[in-house]
Amino acid sequence: MHEQRRKFIQALIDTLKRDFRETAGSTGLDAPDPRILEAIRQVPRDRFVPARSMDMAWENTALSIGYGQTISQPYVVALMTQLLELTPESRVLEIGTGSGYQAALLGELAVEVYSIEVVPELAAQAKTRLEEMGYGNVHVRAGNGRLGWPEAAPFDAVIVTAAAEDIPPALVDQLRPGGRMVIPVNTGWYGQDLVLGIKGEDGELKTRSILAVVFVPLVGKEDVP
């Protein structure tokens with residue numbers, strides 16, 4: 001079983017390297033960061049998918065995890081993570097915990113991760129799973145992700161794993177100057193763009209589109225916890 005898993009992981013790594021090369025013209029990144037590849041090797045994706053999808057756990061595809069939510073395609077997970085330019089000292093806010101897979105990868109790369117999930121059942125499952133796996137630096141709670149986690153701010157990076165109509169102001173406020181945000185944003189043409197934002201010293205978020213993506217919608221209103 002261990003040898004089989006190793007082969008599945010290596011096949012996924014090879015696919016990620018190919019996808020980075022093929023999308024470099026849009027993303028500006030022609031290869032995945034070795035630290036991210038090592039995190040992908042260390043985090044068992046098969047622990048984060050439903051039993052019915054276990055045979056597809058290491059494929060480069062998004063999978064349903066129930067409640068209308070998904071675990072994202074590994075390429076997109078790797079790309080979004082790399083765009084954050086994390087260091088071992090980074091403090092990260094994640095909006096959309098889902099099954100906890102992205103949070104676990106962030107936990108491998110950053111000193112502290114705060115993750116919010118709008119579906120209480122998924123939040124509880126992810127919290128338990130991450131605790132059992134030893135991710136003491138990952139904090140999970142249920143709530144409205146558009147409001148962020150103000151008592152833990154400021155953050156060096158913010159990652160949003162659901163598509164928003166706009167970039168929530170609270171998340172920009174909780175990002176430190178010089179910090180980076182990656183968020184899917186609806187384009188208005190029945191599509192979504194993955195957007196990278198960098199916060200200036202003046203508090204403004206300067207953004208650029210990276211590539212087209214498909215995410216579930218970001219749920220929640222600005223004034224509702």
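What comes next is a walk through the structure. (Residues numbered from 1 in each chain as written. Predicted model: local features only at pLDDT ≥ 70, side-chain atom pairs only at ≥ 80, totals over all residues. Heavy atoms only, no water.)

**Observations regarding the overall build of the chain**
Test applied: A helix here means a DSSP run of H or I that spans at least four residues, while a strand means a run of E at least two residues long, and both kinds are numbered starting from the N terminus. Only protein chains enter the accessibility calculation, which uses a 1.4 Å probe; a residue is then buried when its area is under 20% of its type maximum, exposed when over 50%, and partly exposed in between. Accessible areas in this description were obtained via Shrake-Rupley with a 1.4 Å probe; residue shielding takes into account the shown protein chains only. None of His or the chain ends enter the tally, which takes Lys and Arg as positive and Asp and Glu as negative. To locate a charge, take NZ of a lysine, CZ of an arginine, CG of an aspartate or CD of a glutamate.
Helix and strand content of the chain: six helices and nine strands. For the chain, the spread of C-alpha atoms along the three principal axes comes to 50 × 40 × 35 Å. By residue count, 52% of the 225 residues in the chain fall in the buried class. A total accessible area of about 10600 Å² is found for the chain, and carbon and sulfur atoms account for 52% of it. Considering the chain, the positive charge centre built from 22 side chains and the negative charge centre built from 30 side chains are found 4 Å apart.

**Here we look at the pattern of salt bridges**
Opposite charge on two side chains permits them to pair, given that their charged atoms come into close proximity. Rules: Salt bridge, as used here: a side-chain nitrogen of Lys or Arg that lies within 4 Å of a carboxyl oxygen of Asp or Glu.
Counted by the stated rule, this structure contains 10 salt bridges. Taking the shortest distance from any N to any O, the salt bridge between Asp166 and Arg146 comes out at 2.8 Å. Within this pair, whereas Asp166 is found in the loop between strand 6 (155-160) and helix 6 (169-173), its partner Arg146 is found in the loop between strand 5 (138-142) and strand 6, the two being separated by 20 residues in sequence. When its relative accessible area of 40% is taken as the criterion, Asp166 is described as partly exposed.

**Some words on the nonpolar core**
To keep it simple, the criterion reads: Nine residue types can take part in a nonpolar core, namely buried Ala, Val, Leu, Ile, Met, Phe, Trp, Tyr and Cys, and a core is a set of them joined through side-chain atoms within 4.5 Å. Only heavy atoms matter for contacts: two residues are in contact if any of them lie within 4.5 Å across the pair.
Counting residues in hydrophobic clusters, the biggest one holds 53 residues, and the most contacted among them are Ile40, Leu79, Leu83, Val92, Tyr101, Leu130 and Leu194. Per-element tally for this core: the top contributor is helix 3 (residues 74-83), with seven residues. Setting aside anything within four residues of it in sequence, one finds Ile40 in contact with Leu12, Ile13, Leu16, Trp58, Ala78, Tyr101 and Leu105. One finds Val158, Ala164, Met181 and Val185 within the second-largest nonpolar core, a separate group that totals 21 residues.

**Things to note about helix 5 (residues 120-132)**
As a reminder of what qualifies: Expected span of a helix, by definition, is 1.5 Å for each gap between consecutive residues, and there is one gap fewer than residues. Throughout, the arc means the angular range of directions from the helix axis out to the C-beta atoms.
With 13 residues, helix 5 should cover 18 Å at 1.5 Å per step; its first-to-last C-alpha distance of 18 Å lies within 8% of that length. Every buried residue of helix 5 is accounted for by Leu122, Ala123, Ala126, Arg129 and Leu130. Down the axis of helix 5, the sector holding all buried residues measures 135 degrees, keeping them to one side. Of the residues in helix 5, the exposed ones pointing more than 90 degrees away from the buried face are Pro120, Glu131 and Glu132. On the buried face of helix 5, the contacting elements are strand 1 (63-66), strand 2 (69-71), helix 4 (101-109), strand 4 (112-117) and strand 5.

**Some thoughts on the sheet that holds strand 4**
The criterion, for reference: Pairs of strands are assigned from DSSP output, requiring at least two bridges between the strands. Only the contacting stretch of a helix is used when fitting its axis, a line to C-alpha atoms as for every element, and angles between N-to-C directions run 0 to 180 degrees.
A sheet is described by the order of its strands in space; here seven strands give the open sequence 5-4-3-6-7-8-9, paired in mixed fashion. Either end of the sheet is taken by a strand with one partner, and the two such strands are strand 5 and strand 9 (205-213). Each neighbouring strand pair of the sheet contributes to a mean axis angle of 15 degrees, computed without reference to strand direction. Summarising the sheet, strand 6 and strand 7 (residues 175-186) pair through four bridges and their orientation is parallel. Bridge pairing in strand 7 places Ile159 opposite Val182. Against the sheet, helix 5 touches strand 4 and strand 5, its axis set at about 160 degrees to strand 5.

**Describing the pairing of strand 5**
Each regular strand carries side chains that alternate between the two faces of the sheet. Test applied: The path from the first strand over the helix to the second decides the hand: if it runs clockwise while the strands point away from the viewer, the crossover is right-handed.
Note: strand 4 against strand 5, five bridges, orientation parallel. Bridging from a neighbouring strand, Val113 pairs with Val138 of strand 5. In this fold, strand 4 hands off to helix 5, which returns the chain to strand 5; that crossover is right-handed.

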